[in-house]
Amino acid sequence: MVQSSVLGFPRMGANRDLKKATEAYWSGKIDQAALIKTGQTLRAAHWKLQKDAGADIIASNDFAFYDQVLDHIQMFNAVPERYRKYGLNALDEYFAMGRGLQRPATKTSPDVDVTALEMVKWFDSNYHYVRPTLQDDQKFELSAEPKPVREFLEAKAQGITTRPVILGPVSFLHLGKPDRGASVDPITLLDSLLPVYEQLLIKLAEAGAESVQIDEPVLVLDLPQKTKDAFAPAYAKFAALGSKIPQITFATYFGDIVHNLALVPKTVAAVHVDLVRAPEQLEQVIAILGAEQSLSAGVVNGRNIWKTDFSKAIEIVQKAIQALGAERVVVATSSSLLHTPHTLASEKNLGEVADWFSFAAEKAKEVAILAKAVTSGPESVKAELEANAASIKARATSSRTNDAAVKERQSKITPDMYNRKSAFPERIAAQQAHLNLPLFPTTTIGSFPQTKEIRVARQKFTKGEITAAEYEKFIEKEIDYVVKQQEELDLDVLVHGEPERNDMVQYFGERLNGYVFTTHAWVQSYGSRCVRPPIIVGDISRPAPMTVKESKYAASITSRPMKGMLTGPITCLRWSFPRDDVHQSVQAEQLALALRDEVIDLEAAGVKVIQVDEPALREGLPLRSGAEREAYLKWAVESFRLATVGVNNETQIHSHFCYSEFQDFFHAIAALDADVLSIENSKSDSKLLKVFEDEAYPRHIGPGVYDIHSPRIPSEEEIRVRIEEMLPYIKPETLWIDPDCGLKTRQWPETIAALKNMVAAAKYFRAKYSN
Ligand SMILES: CN1c2c(nc(N)[nH]c2=O)NC[C@@H]1CNc1ccc(C(=O)N[C@@H](CCC(=O)N[C@@H](CCC(=O)N[C@@H](CCC(=O)O)C(=O)O)C(=O)O)C(=O)O)cc1
Ligand SMILES: N[C@@H](CCS)C(=O)O
Ligand SMILES: [Zn+2]
């Protein structure tokens, strides 16, 4: 019998219940017991949902209050002393690592002031994990009641036998980094980490777990030799424990493992591979499996929302069955379903296209149907297969996917449409002549606090409880406020604050042809933060200007330069659910043409500084180096240029990236030809900025002087130190002073306090360098 399996389920709940409870706990509205209870309720509901869907193998320990990697950091006691020293209770220490903590002293406890651990993209997804930060003398110790054991027992008590999922030791270390000031190479800590894994696996077996899913997603990457060398000893140690530990499913996802096949342990019971992303690896993976090993075939996409094409999936699974026999094949999701929304059942406004989609709950059903189809034959699920074939056909033949005018415009793109009128030196001189900015100019990245009031007003407008005119007035009032605050802070280049935007991608999706958008399809981005990716269903075009009204209004109420704010083509593409029937480069080009018109319209409206954010450019980089990566960079850079170069020399193009890892694709960043770049280097070592010095990057850069993901307020002194650290690598006349990302998640008081310190620090250096 072929079993079905779900590698992990989204945690937020159908109505973002986890987000709401977590944020209520942070603001003191509920206590810890209430938050823990919400976690239990959600886990119970999600296990039951998957069981009712017919999934045979259901994951536990896929839940996390903030992030699954952070769970491991705490479970292995890899908690840096700067958090430990406060003696916080476990959950507060956990959140302190996730989001930082700043708390005044009370009668019973001293003040707390600690920044968050670094947060980084989870492979090429829009999910962020908390990075293990390791010491030179790092020791690991298993927590007394390990979370995977607790959650396995919790499900068992509910009558559901789950398969706990844990991040494997090689991936945990490879994804980590030395703490600031430490120089340890994390992978050298393997020997001290393995005993902790052994204890955990033994405890899981003692609790009754028969199998465990050990995720080693780093296997899809290009790995250094020492990381490769870590797999054999690690898995040999586990094998030596024999029946004292559960059977292991060794899981990889988000790419193929063909280049690392030799590293797949011979001793694990099953190997999971992503056959959505890399179906071509099937034969080679089958070829290396031992006679006892099973294949978990990831054929239901964990990263997108399109209905699985059952006929194609069955074909792949049948191939595996022919080679291995039904008992050695499992039909699975390609990865955890963390990256998909909860359920399609909540969507009431999608019309005919709803039938094209599957969200997490529906994907759990899909694996079960597929397993039944190959176990008991197509007749056993005849109705489901027929319905599936009908909706796949309906989508393939729908007129909603094709727009001849868009294709026509794409066919008429000429080479000059990729180049600015002049080179950077000439442009910057023209820009400076009319912007007249001081040394160390200050700006922000675009958004200002998205207050409850703004969200409620937008909700009322969406529900028709207030008119468009009332909503517009409300937004103008918000812009007035944001502009006034910035003038009082004495910032140099202002922004309108993006109050009209629900999200930097969803907002554009809602204004472009070719998109549909949802009401409840939330996906976790980090911690309690969620996004609702719009869905690209057809060719994209811009029916009308999208941002001009707000930017023009904002520019009209100040004499300072106003920066227009757009989301770039790659970010719009990657943070949407893209089509899977057209190459992503085609979708990016369509987005670029739409944005090009917007950029030109903004310029014509008098907005002479325009920022086109591309925070997802790095995330889209294929995970392995080589031809695929170069091809991506070519079309990604071309899309950005197509979107931005239609302006005159005087118009200053900014771009923003929420990351600092430029080393492996610096040439692409330079090729964007943006006049000013703002990046997110506030939590990383300033030494990373050396690449700008080494490459003699002539354009302007704002490396981000403080971390906006945390509510803590950086002092002026702290910001000065940060700027001082940057100056060896970036020339004073090219350095901009800004926060490391938008301020939408912050509250007003902390925003004002932090920006005041930032402006003061900029003025300090301005004075120092003017003499
Ligand atoms: C820059 N980042 C972004 C990423 N991806 C995006 N698609 N967008 C991004 O900005 N990836 C990388 C980073 C990740 N960072 C963030 C930062 C912040 C958020 C965030 O704040 N998310 C919000 C939801 C934003 C949104 O869509 N808001 C809507 C709906 C608001 C809402 O919840 N309304 C309530 C009613 C009102 C109320 O009672 O409050 C409701 O519907 O029930 C809007 O503003 O209209 C979040 O809250 O998580 C995400 C990623
Ligand atoms: N302009 C956006 C960029 C976020 S990456 C903002 O400020 O929120
Ligand atoms: Zn950002």
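Residues numbered from 1 in each chain as written. Chains lettered and ligands numbered in written order. Predicted model: local features only at pLDDT ≥ 70, side-chain atom pairs only at ≥ 80, totals over all residues. Heavy atoms only, no water.

**A short note on the site of ligand 1**
Around ligand 1, the surrounding shell holds 25 residues, and the nearest of these are K19, N126, R458, D503 and K744. For ligand 1, a nitrogen atom lies 2.7 Å from a polar atom in the side chain of N126. Between ligand 1 and R529 there is a distance of 3.0 Å, counted from an oxygen atom to a side-chain nitrogen or oxygen. When the free accessible area of ligand 1 is taken as 990 Å², the share hidden by the protein chains comes to 87%. Tallied by class, residues from the shell around ligand 1 come to 6 nonpolar, 9 polar and 10 charged. (Near = heavy atom within 4 Å. Polar contact = N/O pair within 3.5 Å; in protein donor to acceptor, adjacent residues only side chain to side chain. Areas by Shrake-Rupley, 256 points an atom, 1.4 Å probe, with all protein chains shown as cover. Nonpolar A, V, L, I, M, F, W, Y, C, P; charged D, E, K, R; others polar.)

**A word on the domain arrangement of the protein**
Split by domain assignment, the protein resolves into domain 1 (3-11 + 42-65 + 133-397) and domain 2 (421-449 + 483-501 + 546-769). Between the C-alpha centres of domain 1 and domain 2 there is a distance of 37 Å. In total, domain 1 and domain 2 occlude about 1,100 Å² of area from one another, counting both sides; carbon and sulfur atoms represent 44% of this. When residues of domain 1 are sorted by the area they lose upon contact with domain 2, R180, D222 and W306 head the list and together hold 39% of the total. At the junction of domain 1 with domain 2, the criterion picks out 3 salt bridges. Between D581 and R395 there is a salt bridge, with its nearest N and O atoms 3.6 Å apart. (Domains from an automatic or database assignment. Buried area = accessible area lost by both parts, 1.4 Å probe. Salt bridge = Lys/Arg side-chain N within 4 Å of Asp/Glu carboxyl O.)

**A word on the coordination of the zinc ion (ligand 3)**
Donor atoms from the polypeptide that coordinate the zinc ion (ligand 3) comprise H656 (NE2), C658 (SG) and C741 (SG), at 2.0 to 2.2 Å from the metal. Angles of 98 to 122 degrees at the metal separate the 4 donor atoms of the zinc ion (ligand 3), which places the site in the tetrahedral class. The class of C658 is partly exposed, set by a relative accessible area of 23%. (Donors = N, O, S within 2.8 Å, 3.2 Å for Na, K, Ca; no water. Tetrahedral: all angles 85-135°; square planar, octahedral: opposite > 155°, others 65-115°. Buried < 20%, exposed > 50% of the residue type's maximum accessible area, 1.4 Å probe, protein only.)

**Concerning the sheet that holds strand β10 (residues 211-215)**
The 8 strands lie next to each other as β1-β2-β8-β10-β11-β12-β13-β14, forming a closed barrel whose pairing is parallel. Sheet twist, expressed as the average angle between the axes of neighbouring strands with direction ignored, equals 30 degrees. Contacts from helix α2 (residues 32-53) reach β1 (3-6) and β2 (57-60), with the element oriented near 170 degrees to β2. (Pairing = 2+ DSSP bridges. Helix = DSSP H or I, 4+ residues; strand = E, 2+ residues; numbered from the N terminus. Axes fitted to C-alpha atoms, helices over the stretch in contact; angles between N-to-C directions. Contact = heavy atoms within 4.5 Å.)

**Some remarks on the sheet that holds strand β21 (residues 609-613)**
Taking strand neighbours across the sheet as the criterion, the 6 strands line up as β15-β20-β21-β22-β23-β24 in an open arrangement whose pairing is parallel. Where the open sheet ends on each side, the last strands, each with one partner, are β15 (494-495) and β24 (700-702). Of the strand pairs in this sheet, β21 and strand β22 (residues 652-656) are connected by 3 bridges, and their pairing is parallel. Bridge pairing links V609 to Q652 in β22. Each of β20 (562-567), β21 and β22 touches helix α21 (residues 584-604); the most contacted strand, β20, lies at about 170 degrees to it.

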